[in-house]
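The lines below spell out each chain.
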Amino acid sequence: MCTFVPFVVYLEEPSLNQITPEPLVRFEQVTYKHYGKPAPALSDVNLTIQRGSFTLLVGPSGSGKSTLCMLLNGIIPQILGGKLTGSVTVDGHDISKTPVQELAKSTGMLFQDPEWMFATLKVEDEIAFGPENLRRDPKQILESVEQSLNFVGLQHLRKNLVWALSGGQTQKLGLASVIAMETPLIVLDEPTANLDPATTHSVHQLILKLRDEGKAVLLVTKDLDEFMAEADDMILLAEGRVIAQGTPRDVVTQHGGKMLELGVWLPEPTEIGLRLKAAGRFNKPVPITVEEALNVFADAKFSASNPNGKLVAESETLIHAENIEFTYGNNFKALRGVSFDIKQGEIVAIVGQNGAGKSTLSKLLVGLQKPTAGEMTMFGRSAKRWKVQELANQIALVFQNPEHQFLCDTVREELEYSLLAQGIDDSVIVASRVDEMLARLDITDTADSHPFSLSAGAKRRLGVATMLIGGSAKLLIVDEPTYGQDRRLTERLMQLINNLRREGITVLMITHDMRLVDAHIDRAIVMANGEKIFDGSPDMLFQSPDLVERASLRTTTLRRLVEGLRARNISVPDGLNTVDDFIGALQ
Amino acid sequence: MSEHSLRYIDNNSFFTRIDALSKLLWVLMVILTTFQLTNNISRAIMLAVLLFVMIFLARIPFKTAWQALPIILIMGSLLFFVHLFTAPSTHTITLAGFVVGKEGFDKGLQYFFRITIMVLASFILIWTTDIRDLMVGLVSIGMPYRYAFTIFMALRFLPVVQQEVDAVKAAHAIRGRATRSPIRHRIRLWQRYMFTVIVNGLRKAENTALAIESRGFGAYPDRTYTKAFYWTKTGILLLILFLAFAIWLIFWGKTLPTS
């Protein structure tokens, strides 16, 4: 008997392990159609999220990620309507039958732009807002506010007004407000889309800390680099269907090709592995981190030079700025002694932390503001003598939110307006130029649609089209070209921008996307606290860790991989700025 | 980092430290008193008192006041001119070389003062009050919190709407003008401001509504508060002093000719 008992116990243990705990979230045969839309946003979705797990939700633009998130707190279907079939349960609650306010005890959600989530004026009041709604005891709420402030590191700003916070602090406050609700599930929908690279990293660290605290986290993001090895689960969505669910490694290994085809952003080492595999040049496991890639490519050999070197423009100076300053009416000095030149045919990026003066600089360049000190010459004439509308013929600015610049009821009228504004009113010429531009930017099928009804990518292309159709613009300024766009849409936009550059148009981008800077830019102007702290090639910029840190930037994973390989005495040529460059140089 | 004129200024001034309900009652008293005043000299005194409050008690920065000036003056000025030119007059006066009706001028000034005083008093309330305190105060005197919160949200988002208008104006400015008629162009731009601001405003208002509902707003008929409302002594003092001043002004004004 004595020897028998442990044997029985041993037999029972595996069966205990096989009992799967009830998942925190369960989708069963879920199909959802938005009100008034013919096609479903989600189709036959089956998935589960376990308590305490960390799940990444990935997919191309328009794949249904935000819709899926909004099902988790009942906003869909209870507030936004539409038709839902199948069942979604969160923490045992059926989301169709449990009021949204009741579901707030189970699901905390951080939106992309938390400024609109804020309901009060001060930091600590904002964190208390949710628990107050749930009638929690004020003493308990104050403790919770304290803990949440500590968690995100905003104790010193507790009395601050919410609109006085920087982008990163705003996002951290949003996170603190969600944490204070003490929900078992936290949903984060692109929480770092608007942040500079260093702040993005600090928010990522907080997300991992949340996971360590035992919260179930569902994260929608295109910045997967720091999460691939950390997440328990990855869900791949495309056209409203779950293509795969499993560990990030399994999903990437089994569906990586599909992910590339769909335009999902993947870490560069993973992309390299997948593309080499697809080309039959690679039979090792696909790396999901830089460290894994360093091991995988430990015996790699590279050709001596990089065939894809960038063009270096040496031509006419379009804009010359000498010690310019700009001070807002509230005495905030946004620019301090900034000097630079912009030459014809260059692609230049302005990068730096949130609030570094990048947007102010772009306003000066289009004439919306004039320097309060210093001298700026644009196309041979002092900036002070240019009127905004005259300058609009020379400089085209595509806003981060292109909707702001639309003036008409159809895409076609929008383009016609731009021509009329430049005095081109011959109806035959107008029609032919509009048709040509529609075809060139691949928006012909939307010619009669309302500009506001276009997809994010098409809106961005229309924004470019309205500014360039006049044909006289010499400089195109694009504010955050990759914002809200998947890899495929970004590549398309960059292809367009590169074509424009070949036609002699200078392009200036304001961006936080270091992959973009590395891949496409000739020169980066780095701003920090209103000052220009660097002006040179991305290679020189990223070789200076101090500068990168000071400007709140981060090097790309590809650069970290290249540096890691060099540290292992592998000879890697300079100028491997893109996945294509890396694969091209690999022997 | 640009500046906006319609938001709370946390400057710890005398007026900022007064409780929100006292300030709200003060605004109501200002408005009621103004409608009791029977001549423009009394109304001018009331306006001067408000300017005194704005500059010395609320310590509103000159630049903020300057930026808000067009909004403060626009309605009053419009009504001034409407009455100046339309009110029937039996006497005339010469004003900067122009002959205008005296009654029309007086009537115009009357409306100018009334509207300007109302708008300025409301602005002082917005500049000096954390509207959350106002909401808590209104709830403490029995207003259902959903209604109190509606007022709160409207005030909370005024600066954000202003920011949106600025962004749209800037974007439109660089699109140029598609017609030779500046007036037609101006009308078109205004239509678009309205359209874009309303569409984006509604979209953002929807996002806000979704966000606050998903944070439990409205889950119960009542809610708890981490900061309780309390009447301040300075607030009570302000109301008593202002009441005395208002009574004096009304009766003193009656001794002057009506205008």
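The model shown is predicted, which means the values in this text are computed figures rather than measured ones.

Quick notes on the domain arrangement of chain A
One widely used convention gives an interface's size as the accessible area the parts lose upon coming together.
All names here are of chain A.
Move 1: In terms of domains, chain A is made up of domain 1 (28-106 + 184-194 + 215-266), domain 2 (113-182) and domain 3 (317-557).
Move 2: Put simply, the middle of domain 1 and the middle of domain 3, counted by C-alpha atoms, are 34 Å apart.
Move 3: On the domain 3 side, the residues contacting the eight residues of domain 1 number 11 residues.
Move 4: A breakdown of the residues in the side of domain 1 that touches domain 3 according to their chemical character gives four nonpolar, three polar and one charged.

Some thoughts on the nonpolar core
Move 1: If you look at the biggest cluster of nonpolar residues, it comprises 132 residues, and the most contacted ones within it are L57(A), A176(A), L185(A), V217(A), L219(A), L50(B) and I124(B).
Move 2: Looking at which element gives the most residues to this core, the answer is helix 5 (residues 102-128) of chain B, with 13 residues.
Move 3: When residues no more than four places from it in sequence are discounted, the contact partners of L185(A) are L24(A), V25(A), L72(A), V90(A), D91(A), S106(A), T107(A), A216(A) and L218(A).

As for the interface of chain A and chain B
Move 1: On the side of chain B, 44 residues touch chain A, which itself brings 53 residues to the contact.
Move 2: Listing elements by their share of the side of chain A that touches chain B, those giving two or more residues are helix 4 (100-103), helix 5 (123-133), helix 6 (138-152), helix 13 (388-391) and helix 14 (411-421) of chain A.
Move 3: For the side of chain A that touches chain B, the element with the most residues is helix 5 of chain A, which contributes six residues.

Notes on the pairing of strand 9 (residues 233-238) of chain A
All names here are of chain A.
Move 1: In terms of burial, strand 9 is a largely internal element, six of the six residues being buried.
Move 2: Both strand 3 (residues 54-58) and strand 9 contribute to a ladder of four bridges, which runs parallel. Looking at the pairing, V58 lines up with L236 of strand 9.
Move 3: Summarising the sheet, strand 9 and strand 10 (residues 241-246) pair through five bridges and their orientation is antiparallel. Counterpart to M234 in the pairing with strand 10 is G246.
Move 4: From the end of strand 9 to the start of strand 10, which pair antiparallel, there are two residues, and E239 there has a positive phi angle of about 45°.

Some words on the environment of A334(A)
Residue and element names in this part refer to chain A.
Move 1: The residue A334 is located in strand 12 (residues 333-343) in this model.
Move 2: Residue classification places A334 among the buried residues on the basis of 25 C-beta atoms within 10 Å.
Move 3: Spatially, the C-alpha atom of A334 lies 46 Å from that of V296, the residues being 38 residues apart in sequence.

Some remarks on the sheet that holds strand 3 of chain A
All names here are of chain A.
Move 1: Spatially, the six strands line up as an open sheet ordered 6-7-8-3-9-10, and their pairing is mixed. At either end of the open sheet lies a strand with only one pairing partner, and these are strand 6 (107-110) and strand 10. Strand after strand, the sheet turns through a mean of 15° between neighbouring axes, direction not considered.
Move 2: In the packing of helix 2 (residues 65-72) onto the sheet, the strands contacted are strand 3, strand 6, strand 7 (185-189), strand 8 (216-220) and strand 9, and the crossing angle to strand 7 comes to about 155°.
Move 3: Each of strand 3, strand 9 and strand 10 touches helix 9 (residues 248-262); the most contacted strand, strand 10, lies at about 150° to it.

A short note on the domain arrangement of chain B
Residues and elements named next belong to chain B.
Move 1: Split by domain assignment, chain B resolves into domain 1 (14-139 + 229-254) and domain 2 (144-213).
Move 2: Computed over C-alpha atoms, the centres of domain 1 and domain 2 are 27 Å apart.
Move 3: Taken together, the seven residues of domain 1 in the interface contact six residues of domain 2.
Move 4: Here the element with the most residues in the side of domain 1 that touches domain 2 is helix 6 (residues 131-140); it accounts for six residues.
Move 5: Partitioning the side of domain 1 that touches domain 2 into residue classes produces six nonpolar, no polar and one charged.

Looking at the environment of E403(A)
Move 1: Among the secondary structure elements, E403(A) is positioned in the loop between strand 16 (395-398) and helix 14.
Move 2: Taking C-alpha positions, E403(A) is 20 Å from A473(A), a pair spaced 70 residues apart along the chain.
Move 3: If we skip the residues at most four places from it in the chain, E403(A) touches F452(A), K459(A), T196(B) and N200(B).

Criteria and cut-off values
Residues numbered from 1 in each chain as written. Chains lettered and ligands numbered in written order. Predicted model: local features only at pLDDT ≥ 70, side-chain atom pairs only at ≥ 80, totals over all residues. Domains from an automatic or database assignment. Contact = placed C-beta atoms within 7 Å. Nonpolar A, V, L, I, M, F, W, Y, C, P; charged D, E, K, R; others polar. Core = buried A, V, L, I, M, F, W, Y, C linked by C-beta atoms within 7 Å. Buried ≥ 20, exposed ≤ 12 C-beta atoms within 10 Å, placed from the backbone. Helix = DSSP H or I, 4+ residues; strand = E, 2+ residues; numbered from the N terminus. Pairing = 2+ DSSP bridges. Axes fitted to C-alpha atoms, helices over the stretch in contact; angles between N-to-C directions.

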